[in-house]
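Chain by chain, the residues run as shown.
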Amino acid sequence: MHPNAEMLAVVLLGNLMLPFISAQNAGFEKSPMSETKLTGDTFELYCSVVGNPTPEIQWWYAEINRADSFKQLWDGARKRRVSINTAYGANGVSVLGITRLTLEDSGTYECRASNDPRRNDLRQNPAIAWIRAQATISVLQKPKINATDQTILPADSSNKRVILQCNLTAAHTPHKDSFWMKNGQEIPNTRTELRNTTYRITKPRADDSGEYMCVYTFIMAPNANATIEVKAKPDITGHKRSENKKEGENAMLYCKSVGYPHPVWTWHKVEGTSVTEIDNSTGRFFITNRENYTELNIFDLDINTDPGIYECNATNVIGTTAETTILRVRSHLAPLWPFLGVLAEIIILVVIIVVYEKRKRPDDFIDDDEPAGQMKTNSTNNHKDKNIRQRNTK
């Protein structure tokens, strides 16, 4: 064989063998974990695999004590209660989720992975078997809890006490204790071993509203809970009363509130009897809302159109509350106004002095052409002449 032909054959053989040399069998990076859940709850199982090429991931299910009857799960199965989200990149990641659990959802869930090119070929066995990772999901009947209905705080409720109650009437196992939570945070000093638990709000205000939850704990089972909504009209507890800016600058107005449910925020500009709603369409106004907080930013202030009264409005299913902020916009010359005022006072004072001096009477000035000494001499001579004439007459 020609040497060049032999070299070409070696290169071609190396290129053909390269994918097999760099290939890597599938392996689990993260496997699903077994859990115990209650009816009506939700669970999610995570599965992450590595390999070259990236392995394909599938989810399978078998009823308890029937490991030989696995069936593949598909996205949207069980009346759309099953969701499967899978992403492939350097590795494969898949999340299996099932909502509104029932007792029939108990069983063994299996994550399968393979990167054999013939893995889905039904006519021949794959060279590399599917690898499997299993998790057992146990679904228990949710305990029965009788709870107070939702409560609405009246506008004037300072003297009316609010009582929230929960009673554990049925449970799969004996309970350990119970406690109260508000908006996801445990309320201190509320733990008790009683089945019937009570939480009192002595002087309710708007900031006492929220999502309350009584939670029962069990030794061998997940916690059970019941939710009680305490609703109230929004109460705006903080806002800017006024804002002073220069033209061309940016202004920031805000309002924050208490009350539940979280309000829907709107901003308006009040001009006499006319009220105009503000949105983000102009490019100079930008509104940011976060539950019990809202912020209005105005960019590149215009001295002719932007000054005025701005109103933030908080609305939920119980009622509406509004507060106003006065925005003042000064001219670029505003820093010169004190200096110009002093200068104007000086000019006015100088004019007054000049006018006063010009209006003085002429007799107040001394005539330099007639010295005072000469006037005295003439008077003396006149008296002498008068005496001489009187003597001659005698």
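From a predicted model like this one, the values you see are computed outputs, not experimental measurements.

Here is what the cut-offs are and how they apply
Per chain, residue numbering runs from 1 following the sequence as it is written. Where local features are concerned, this predicted model is filtered to residues with pLDDT of at least 70; where side-chain atom pairs are given and counted, the filter is 80 or more; whole-chain, interface and lining totals use all residues. Hydrogen atoms and water are omitted, and side-chain values are computed over all heavy atoms in the structure. Two strands qualify as a pair provided DSSP detects at least 2 bridges between them. Only DSSP runs of H or I covering at least 4 residues are called helices, and only runs of E covering at least 2 are called strands; the numbering of each starts at the N terminus. Convention adopted: a line fitted to C-alpha atoms gives each axis, helices being fitted over their contacting stretch, and angles between N-to-C directions are expressed from 0 to 180 degrees. The score called pLDDT rates the predictor's confidence residue by residue, from a low of 0 to a high of 100. In what follows, a contact means two residues having at least one pair of non-hydrogen atoms within 4.5 Å. Nonpolar cores are built from buried Ala, Val, Leu, Ile, Met, Phe, Trp, Tyr and Cys residues. Side-chain atoms within 4.5 Å join them into one set. Exposed residues in this analysis have more than 50% of their type's maximum accessible area, buried residues have under 20%, and partly exposed residues fall in between, with area computed by a 1.4 Å probe over protein chains only. Note on terminology: pairs of cysteine sulfur atoms within 2.5 Å are recorded as disulfides.

This paragraph deals with the sheet that holds strand S18 (residues 235–239). What links the strands of a sheet is backbone hydrogen bonding, and the strands pair in either a parallel or an antiparallel sense. What the 4 strands build is an open sheet, ordered S18-S20-S24-S23; its pairing is antiparallel. Each edge of the sheet is formed by a strand with only one pairing partner; in this case those strands are S18 and strand S23 (285–290). Neighbour-to-neighbour, the strand axes of this sheet turn through a mean angle of 20°, independent of strand direction.

Our next topic: the pairing of strand S17 (residues 224–231). Bridge analysis of strand S11 (residues 151–152) against S17 gives 2 bridges, and the strand direction is parallel. In the sheet register, Thr151 faces S17, and the bridge partner there is Val230. Between the end of strand S16 (residues 210–218) and the start of S17, which pair antiparallel, lie 5 residues.

Omega for the peptide link from Asn52 to Pro53 comes to 0°, which places this bond in the cis form. When you line up the elements, Pro53 lands in the loop between strand S3 (43–52) and strand S4 (56–62). Cis geometry marks the peptide bond from Tyr260 to Pro261; its omega dihedral reads 0°. Assignment of secondary structure puts Pro261 in the loop between strand S20 (251–258) and strand S21 (264–271).

When pLDDT is averaged across the chain, the result is 84; 81% of the residues are at 70 or more. Per-element mean pLDDT across the chain ranges from 41 in helix H1 (residues 3–22) up to 97 in strand S7 (residues 92–98). The low-confidence segment residues 2–21, where pLDDT is below 50, has 1 contact with residues more than four positions distant or belonging to other chains.

In this structure, Ile145, Leu164, Cys166, Trp180, Cys214 and Tyr216 are the most contacted members of the largest nonpolar core, which totals 20 residues. Those residues within four positions of Cys166 in sequence are excluded, and the remaining contacts are Ile145, Asn146, Ala147, Trp180, Arg195, Asn196, Thr197, Cys214, Tyr216, Ala226 and Ile228. Counting 19 residues, the second-largest nonpolar core is a separate cluster that includes Val82, Ile84, Ile98 and Cys111.

Take the state of the cysteines next. Taken as a whole and judged by the stated rule, the model has 3 disulfides. Paired through a disulfide, Cys47 and Cys111 show a sulfur-sulfur distance of 1.9 Å. Classification of the bridge connecting Cys47 and Cys111 rests on its S-S torsion, roughly -80°, and on that basis the disulfide is left-handed. Residue Cys47 is found in strand S3, and its partner Cys111 is found in strand S8 (residues 107–114); the two are separated by 64 residues along the sequence. As far as the burial class goes, Cys47 and Cys111 line up, both buried. Paired through a disulfide, Cys166 and Cys214 show a sulfur-sulfur distance of 2.0 Å. Torsion about the S-S bond of the Cys166 and Cys214 cystine: about -80°, corresponding to left-handed handedness. Taken together, the residues Cys166 in strand S12 (residues 162–170) and Cys214 in strand S16 connect sequence positions 48 residues apart.

In space, the 5 strands of this open sheet follow the order S2-S9-S8-S4-S5, with mixed pairing throughout. Strand pairing shows two members of the sheet lacking a second neighbour, strand S2 (35–38) and strand S5 (71–72), which therefore form its edges. Of the strand pairs in this sheet, S2 and strand S9 (residues 131–140) are connected by 4 bridges, and their pairing is parallel. Bridging from a neighbouring strand, Thr36 pairs with Ser138 of S9.

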